[in-house]
Amino acid sequence: SGPRLFSSGRVVRGPRDGVMSSAQMLVPARFLTMIGHFIACLMVFWSRGDNVRAGLPLQYSQAQFEGAEASLVVALSLTMVVFGIELVGFWSGLTMFSHGHNFMHVLAHVIGCVCVCVFILEGTHYVLYWLYFALFSAIPGALELGRILSVTVIRKQW
(Lines give C-alpha, C1' and ligand atoms only; values in the text may rest on other atoms or scores of the structure.)
Protein backbone atom coordinates (compact mmCIF):
# COMPACT_ATOMS: atom_id res chain seq x y z
CA SER A 1 0.00 0.00 0.00
CA GLY A 2 2.09 2.85 -1.32
CA PRO A 3 1.09 6.46 -1.99
CA ARG A 4 -2.30 6.90 -3.67
CA LEU A 5 -2.72 9.22 -6.62
CA PHE A 6 -6.05 11.00 -6.94
CA SER A 7 -7.54 12.24 -10.21
CA SER A 8 -6.39 15.76 -9.34
CA GLY A 9 -2.79 14.53 -9.48
CA ARG A 10 -2.34 15.05 -5.77
CA VAL A 11 -0.42 12.35 -3.90
CA VAL A 12 -1.80 11.33 -0.54
CA ARG A 13 0.50 9.44 1.73
CA GLY A 14 -0.60 7.02 4.41
CA PRO A 15 0.69 7.14 7.96
CA ARG A 16 3.59 4.72 7.21
CA ASP A 17 4.62 5.92 3.74
CA GLY A 18 8.14 7.29 3.74
CA VAL A 19 8.62 6.86 7.48
CA MET A 20 11.29 4.54 8.86
CA SER A 21 10.44 2.57 11.97
CA SER A 22 12.85 2.60 14.90
CA ALA A 23 13.92 -0.95 14.03
CA GLN A 24 14.79 0.14 10.48
CA MET A 25 16.81 3.07 11.81
CA LEU A 26 19.01 0.78 13.91
CA VAL A 27 20.90 -0.58 10.89
CA PRO A 28 22.22 2.80 9.65
CA ALA A 29 22.69 3.95 13.26
CA ARG A 30 24.78 0.88 13.99
CA PHE A 31 26.94 1.48 10.94
CA LEU A 32 27.47 5.18 11.70
CA THR A 33 28.26 4.67 15.38
CA MET A 34 30.64 1.82 14.54
CA ILE A 35 32.50 4.00 12.05
CA GLY A 36 32.59 6.91 14.52
CA HIS A 37 34.03 4.67 17.24
CA PHE A 38 36.52 3.23 14.74
CA ILE A 39 37.72 6.71 13.71
CA ALA A 40 38.06 7.78 17.36
CA CYS A 41 40.20 4.69 18.03
CA LEU A 42 42.35 5.46 14.99
CA MET A 43 42.91 8.95 16.39
CA VAL A 44 44.38 7.42 19.54
CA PHE A 45 47.20 5.98 17.40
CA TRP A 46 48.31 9.52 16.53
CA SER A 47 47.88 11.02 19.99
CA ARG A 48 49.02 8.11 22.14
CA GLY A 49 52.19 9.85 23.36
CA ASP A 50 50.24 12.19 25.66
CA ASN A 51 48.31 9.30 27.16
CA VAL A 52 51.45 7.24 27.69
CA ARG A 53 53.26 10.17 29.37
CA ALA A 54 50.22 10.70 31.63
CA GLY A 55 50.76 7.22 33.06
CA LEU A 56 54.48 7.58 33.69
CA PRO A 57 56.33 9.29 36.54
CA LEU A 58 57.83 12.74 35.92
CA GLN A 59 61.27 11.20 35.44
CA TYR A 60 60.98 8.12 33.24
CA SER A 61 63.34 6.14 31.08
CA GLN A 62 62.97 5.41 27.40
CA ALA A 63 62.36 1.74 28.26
CA GLN A 64 59.44 2.68 30.54
CA PHE A 65 57.94 4.82 27.79
CA GLU A 66 58.34 2.10 25.18
CA GLY A 67 56.78 -0.52 27.48
CA ALA A 68 53.78 1.68 28.23
CA GLU A 69 53.40 2.61 24.57
CA ALA A 70 53.56 -1.07 23.58
CA SER A 71 50.73 -1.82 26.01
CA LEU A 72 48.54 0.87 24.44
CA VAL A 73 49.41 -0.27 20.91
CA VAL A 74 48.42 -3.85 21.79
CA ALA A 75 45.07 -2.63 23.14
CA LEU A 76 44.50 -0.55 20.00
CA SER A 77 45.49 -3.44 17.74
CA LEU A 78 43.06 -5.76 19.50
CA THR A 79 40.39 -3.09 19.07
CA MET A 80 41.01 -3.04 15.32
CA VAL A 81 40.74 -6.85 15.17
CA VAL A 82 37.39 -6.68 16.97
CA PHE A 83 36.19 -3.96 14.58
CA GLY A 84 37.15 -6.29 11.72
CA ILE A 85 35.03 -9.08 13.21
CA GLU A 86 32.10 -6.70 13.69
CA LEU A 87 32.35 -5.37 10.15
CA VAL A 88 32.45 -8.89 8.69
CA GLY A 89 29.34 -9.87 10.63
CA PHE A 90 27.57 -6.64 9.72
CA TRP A 91 28.45 -6.47 6.02
CA SER A 92 27.79 -10.18 5.48
CA GLY A 93 24.25 -9.62 6.72
CA LEU A 94 24.57 -12.31 9.39
CA THR A 95 23.97 -9.85 12.23
CA MET A 96 22.56 -6.84 10.40
CA PHE A 97 18.86 -7.45 11.02
CA SER A 98 18.84 -8.53 14.66
CA HIS A 99 17.23 -5.54 16.35
CA GLY A 100 18.29 -6.29 19.92
CA HIS A 101 21.82 -7.01 18.74
CA ASN A 102 21.90 -3.76 16.74
CA PHE A 103 20.63 -1.74 19.70
CA MET A 104 23.34 -3.16 21.96
CA HIS A 105 26.00 -2.31 19.36
CA VAL A 106 24.69 1.23 18.89
CA LEU A 107 24.74 1.78 22.64
CA ALA A 108 28.25 0.33 23.07
CA HIS A 109 29.70 2.28 20.15
CA VAL A 110 28.15 5.62 21.16
CA ILE A 111 29.42 5.33 24.73
CA GLY A 112 32.75 3.94 23.52
CA CYS A 113 33.20 6.77 21.03
CA VAL A 114 32.48 9.42 23.65
CA CYS A 115 34.85 7.77 26.16
CA VAL A 116 37.65 7.45 23.61
CA CYS A 117 37.23 11.09 22.54
CA VAL A 118 37.46 12.21 26.18
CA PHE A 119 40.48 9.89 26.56
CA ILE A 120 42.18 11.75 23.69
CA LEU A 121 41.19 15.26 24.72
CA GLU A 122 42.02 14.90 28.40
CA GLY A 123 45.22 12.92 27.85
CA THR A 124 44.31 10.42 30.56
CA HIS A 125 46.32 7.41 31.77
CA TYR A 126 46.94 4.90 28.98
CA VAL A 127 45.76 1.92 31.10
CA LEU A 128 42.23 3.36 31.06
CA TYR A 129 42.03 2.41 27.38
CA TRP A 130 42.14 -1.27 28.39
CA LEU A 131 38.90 -0.75 30.31
CA TYR A 132 37.33 0.97 27.30
CA PHE A 133 38.50 -1.91 25.11
CA ALA A 134 36.96 -4.50 27.43
CA LEU A 135 33.61 -2.76 27.84
CA PHE A 136 33.00 -1.19 24.43
CA SER A 137 34.92 -3.43 22.02
CA ALA A 138 35.63 -6.87 23.49
CA ILE A 139 32.16 -7.57 24.90
CA PRO A 140 30.28 -6.45 21.76
CA GLY A 141 32.89 -8.25 19.63
CA ALA A 142 32.43 -11.49 21.57
CA LEU A 143 28.66 -11.23 21.19
CA GLU A 144 29.12 -10.55 17.47
CA LEU A 145 31.37 -13.59 17.10
CA GLY A 146 28.89 -15.71 19.03
CA ARG A 147 26.08 -14.49 16.79
CA ILE A 148 28.08 -15.22 13.64
CA LEU A 149 28.89 -18.74 14.86
CA SER A 150 25.28 -19.28 15.91
CA VAL A 151 23.96 -18.32 12.49
CA THR A 152 26.59 -20.12 10.40
CA VAL A 153 27.45 -23.24 12.42
CA ILE A 154 24.39 -23.92 14.56
CA ARG A 155 22.02 -22.18 12.11
CA LYS A 156 19.94 -20.73 14.90
CA GLN A 157 18.64 -17.17 15.13
CA TRP A 158 18.66 -15.55 18.59
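The rules we used
- Residues numbered from 1 in each chain as written.
- Predicted model: local features only at pLDDT ≥ 70, side-chain atom pairs only at ≥ 80, totals over all residues.
- Heavy atoms only, no water.
- Axes fitted to C-alpha atoms, helices over the stretch in contact; angles between N-to-C directions.
- Helix = DSSP H or I, 4+ residues; strand = E, 2+ residues; numbered from the N terminus.
- Parallel < 35°, antiparallel > 145°, perpendicular 65-115°, else oblique.
- Left-handed = near helix turned anticlockwise from the far one by under 90°.
- Contact = heavy atoms within 4.5 Å.
- Nonpolar A, V, L, I, M, F, W, Y, C, P; charged D, E, K, R; others polar.
- Phe/Tyr/Trp six-rings, centres within 6.5 Å; stacked < 30°, edge-to-face > 60°.
- Core = buried A, V, L, I, M, F, W, Y, C linked by side-chain atoms within 4.5 Å.
- Buried < 20%, exposed > 50% of the residue type's maximum accessible area, 1.4 Å probe, protein only.
- Expected span 1.5 Å × (residues − 1).
- Bend = angle between axes of the 7 residues up to and from the residue.
- Polar contact = N/O pair within 3.5 Å; in protein donor to acceptor, adjacent residues only side chain to side chain.

Peer 1: Any chance you could explain the packing of helix α2 (residues 62-91) against helix α4 (residues 128-154) here in plain terms?
Peer 2: In a pair of packed helices, the angle between the axes and the distance between the axes together describe the arrangement. Interhelical geometry of α2 versus α4 gives an angle of 30° and a closest axis separation of 9 Å. Classified by the angle between their axes, α2 and α4 sit roughly parallel to one another. Read as a crossing pair, α2 and α4 show a hand that is left-handed. In this structure, α2 uses S71, L72, V74, A75, L76, L78, T79, V82, I85, E86, G89 and F90 to contact α4, whose residues at the interface are Y129, W130, F133, S137, P140, G141, E144, L145 and I148. Among the residues forming the contact of α2 with α4, the class breakdown is 14 nonpolar, five polar and two charged.

Peer 1: I'm lost on the packing of aromatic side chains in this one. Help?
Peer 2: Within a pair of aromatic rings, the relevant descriptors are the distance that separates the centres and the angle that separates the planes. In total, this model carries seven aromatic pairs according to the counting rule given. Between the aromatic rings of F31 and F90, the centroid separation amounts to 6.1 Å while the plane-to-plane angle is 20°, which identifies the pairing as stacked. Here F90 lies in helix α2 and F31 lies in helix α1 (residues 22-54), a separation of 59 residues in the sequence. An angle of 35° between the planes, with centres 6.3 Å apart, marks the rings of Y132 and F136 as tilted. Within this pair, Y132 and its partner F136 are both found in helix α4, separated by four residues, close to a single helical turn.

Peer 1: Would you mind going over the nonpolar core with me for this structure?
Peer 2: In summary, soluble globular proteins display a tendency toward joint burial of nonpolar side chains. C41, V44, V52, L72, V116, F119 and Y129 are the most contacted members of the largest nonpolar core, which totals 28 residues. Mapped by element, the contributors of at least two residues to this core are α1, α2, α3 (99-122) and α4. The biggest single contributor to this core is α2, with ten residues. With near-sequence residues (within four places) excluded, V44 lies in contact with L72, L76, V116, F119 and I120.

Peer 1: For this particular structure, what's the right way to read α1?
Peer 2: Given 3.6 residues per turn, any residue in an α-helix points the same way as the ones three and four places further on. Here α1 contains 33 residues, and its C-alpha end-to-end distance of 42 Å is more than 12% below the 48 Å for a straight helix at 1.5 Å per residue. Largest kink in α1: about 70°, centred on S47.

Peer 1: I'm lost on the environment of T152 in this one. Help?
Peer 2: Take T152: it is sitting in helix α4. Along the sequence, T152 and L94 sit 58 residues apart, while their C-alpha atoms lie 8.1 Å from each other. Here the side chain of T152 touches I148 through a polar contact of 2.7 Å, landing on its backbone oxygen.

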